[in-house]
Amino acid sequence: MSARVGVVVFPGTNCELDVVWAVEHLGGEAELLWHGDESVHGVDAVVVPGGFAHGDYLRTGAIARFSPVMNAVAEHAASGGVVLGICNGFQVLTEAGLLPGALQKNAGLAFVCDTVTLEQLRDEDRVILRYVDNPNGSIDDIAGITSPAGNVVGLMPHPERASDLLLGSDDGVVLLQSLLAAAADRAAARV
Amino acid sequence: MRFAVRVDVTHLPGVLDPQGATVERSLPALGYDNVADVSIAKTIRLVLDAPSPDAARKQVDDMCERLLANPVIERYTVEIEPRDGGSVSDTP
């Protein structure tokens, strides 16, 4: 039984089909979840992809967090389900409180959080990704973090854009495979 | 009572303001080389119907905490003034 991955679509999301392609490329099943949906359709993992949810109006992710689907995503996470937020999706997860901190404006966009949270993230080994050449000035070169339980992950780089050598890199595959493995575990536990 | 509300949302000290920085770098090109500390902030204006100034203030603070500002990177100030006219619900 292959793992089913739900990919959340807000008005303005624009990386959902790339994520669907990458998931299917790696042998998973993908399904789009509309922002107005009140459930995640029983998927085994959720990806909140990149783009400009709700036009980034007011503040990136600020409006998207109130979408009905985000309640379902929060329930999925609370029950141990894996959630991956990429770029704009990472920002939605911080606005929704599924991950700590916030993303500030920059030449790119950079992760910030208060010193206590930062120390906590370091102490608990929750910084899962750092830039080798920091392109955006994020604090401590942070590129990705996890929730305390480790099942909610947010990162600024796009793994789906590095999922095949034809795209110039397949460095993102290991991350997406990890997502699919977690989804497969959840699917197996469900049976 | 009806209130005119103005919310100013600014960056917390230390949070990068790339728009302000870019404007600051651009002004000398026009000859204004005596400018420093440019920052760009958001102003949100709204009209609110509430039973009292305190109630209005409480509700606006709530809006700021939940949506209008992100307390991790922003701070806000609120100005509330009584406004003449009917209630908000009366406006077309």
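Small disclaimer: the values here were computed from a predicted structure and weren't measured. The numbering scheme is per chain: residues are counted from 1 as the chain's sequence reads. Here chains are named by letter from A upward and ligands by number from 1 upward, in the order in which they appear as written. The predicted origin of the model limits local features to residues at a pLDDT of at least 70 and limits the giving and counting of side-chain atom pairs to 80 or more, whereas totals for whole chains, interfaces and linings rest on all residues. Excluding hydrogens and water, the side-chain figures rest on all heavy atoms present in the structure.

A separate point is the interface of chain A and chain B. Interface size is commonly expressed as the accessible area that is lost once the parts come together. The criterion used for residue contact is that any of the two residues' heavy atoms lie within 4.5 Å. Taken residue by residue, the interface counts 14 residues in chain A and 14 residues in chain B. Joining two parts hides part of their accessible area as seen by a 1.4 Å probe, and the buried area is that hidden amount summed over both. Both faces considered, chain A and chain B share a buried interface measuring about 1200 Å² in area, 61% of it formed by carbon and sulfur atoms. For this document, the term salt bridge refers to a Lys or Arg side-chain nitrogen within 4 Å of an Asp or Glu carboxyl oxygen. Scanning the region where chain A abuts chain B turns up 1 salt bridge. Notably, a salt bridge pairs Arg59 of chain A with Glu74 of chain B, separated by 3.7 Å at the nearest N-O pair. N or O atoms within 3.5 Å of each other form a polar contact, as long as, within protein, one can give a hydrogen and the other can take it, and as long as residues adjacent in sequence are counted only when both atoms are side-chain atoms. At the boundary of chain A with chain B, the tally comes to 5 residue pairs in polar contact (both at pLDDT 80 or more). Tallied by class, residues from the side of chain A that touches chain B come to 7 nonpolar, 3 polar and 4 charged. Any residue outside Ala, Val, Leu, Ile, Met, Phe, Trp, Tyr, Cys, Pro, Asp, Glu, Lys and Arg is labelled polar, Gly included; the first ten of those are nonpolar and the last four are charged.

We call a residue buried when its accessible area falls under 20% of the maximum for its residue type, exposed when it is over 50%, and partly exposed in between, using a 1.4 Å probe and counting protein chains only. A helix here means a DSSP run of H or I that spans at least four residues, while a strand means a run of E at least two residues long, and both kinds are numbered starting from the N terminus. Extensive coverage of helix 3 (residues 88-95) of chain A is indicated by the burial of 8 of its 8 residues. At the C-terminal side of helix 3 of chain A, Gly97 of chain A shows a positive phi close to 80°.

With that out of the way, let us pick up the environment of Leu84 of chain A. Residues and elements named next belong to chain A. Along the chain, the position of Leu84 falls in strand 4 (residues 82-86). On the basis of relative accessibility, which here comes to 3%, the residue Leu84 falls in the buried class. With 30 residues separating them along the chain, Leu84 and His54 place their C-alpha atoms 19 Å apart.

We now examine the pairing of strand 4 of chain A. Put simply, side chains in a regular strand alternate between the two faces of the sheet. All names here are of chain A. A large share of strand 4 lies buried, amounting to 5 of its 5 residues. Judged by which residues are buried, strand 4 turns out to be covered on both faces: Val82, Leu84 and Ile86 on one side and Val83 and Gly85 on the other are all buried. Strand pairing is assigned whenever DSSP identifies at least 2 bridges connecting the two strands. As paired elements, strand 3 (residues 45-48) and strand 4 share 4 bridges and run parallel to each other. If you follow Val46 over to strand 4, its bridge partner there is Val83. Looking down the strands as they point away from the viewer, one classifies a crossover as right-handed if the path from the first strand across the helix to the second runs clockwise. Of the crossover connections in this fold, the one passing from strand 3 over helix 2 (residues 68-78) to the parallel strand 4 is right-handed. When strand 4 meets strand 9 (residues 152-155), the two strands line up parallel, connected through 4 bridges. Pairing of Gly85 across the sheet is with Gly154, part of strand 9.

What follows is about the environment of Gly42 of chain A. Residues and elements named next belong to chain A. Structurally, the position occupied by Gly42 is in the loop between strand 2 (29-34) and strand 3. By relative accessible area, which is 38% here, Gly42 ends up partly exposed. For the pair Gly42 and Ala187, spaced 145 residues apart in sequence, the C-alpha to C-alpha distance is 9.6 Å.

Here we come to the sheet that holds strand 4 of chain A. Residue and element names in this part refer to chain A. Judged by pairing direction, the sheet is mixed, and its 7 strands sit side by side in the order 2-1-3-4-9-8-7 without closing on themselves. Strand pairing shows two members of the sheet lacking a second neighbour, strand 2 and strand 7 (127-130), which therefore form its edges. Adjacent strand axes in the sheet meet at a mean angle of 20° when their direction is disregarded. One ladder, built from 3 bridges, connects strand 8 (residues 142-146) with strand 9; its direction is antiparallel. Across the sheet, the residue bridging to Gly144 is Leu155, located in strand 9. Every axis corresponds to a line fitted to the C-alpha atoms, with the helix fit spanning only the stretch in contact, and the corresponding angles, defined between N-to-C directions, vary from 0 to 180 degrees. Against the sheet, helix 3 touches strand 3, strand 4, strand 8 and strand 9, its axis set at about 120° to strand 4.

As a further point, take a nonpolar patch on the surface. All names here are of chain B. Nonpolar side chains (Val, Leu, Ile, Met, Phe, Trp, Tyr) within 5 Å and like charges within 9 Å form the patches, drawn only from residues with over 30% relative accessible area and no salt bridge. With residues, only the protein chains shown are counted as cover, and all accessible areas are computed by Shrake-Rupley using a 1.4 Å probe. There is a patch of nonpolar side chains on the surface, built from Leu30, Tyr32 and Val35 and spanning about 310 Å² of accessible area. Along the chain, Val35 falls in the loop between helix 1 (18-26) and strand 2 (42-49). Note on Val35: relative accessible area 33%, which makes it partly exposed.

Honestly, that's just the spatial picture; any functional story needs more than this.
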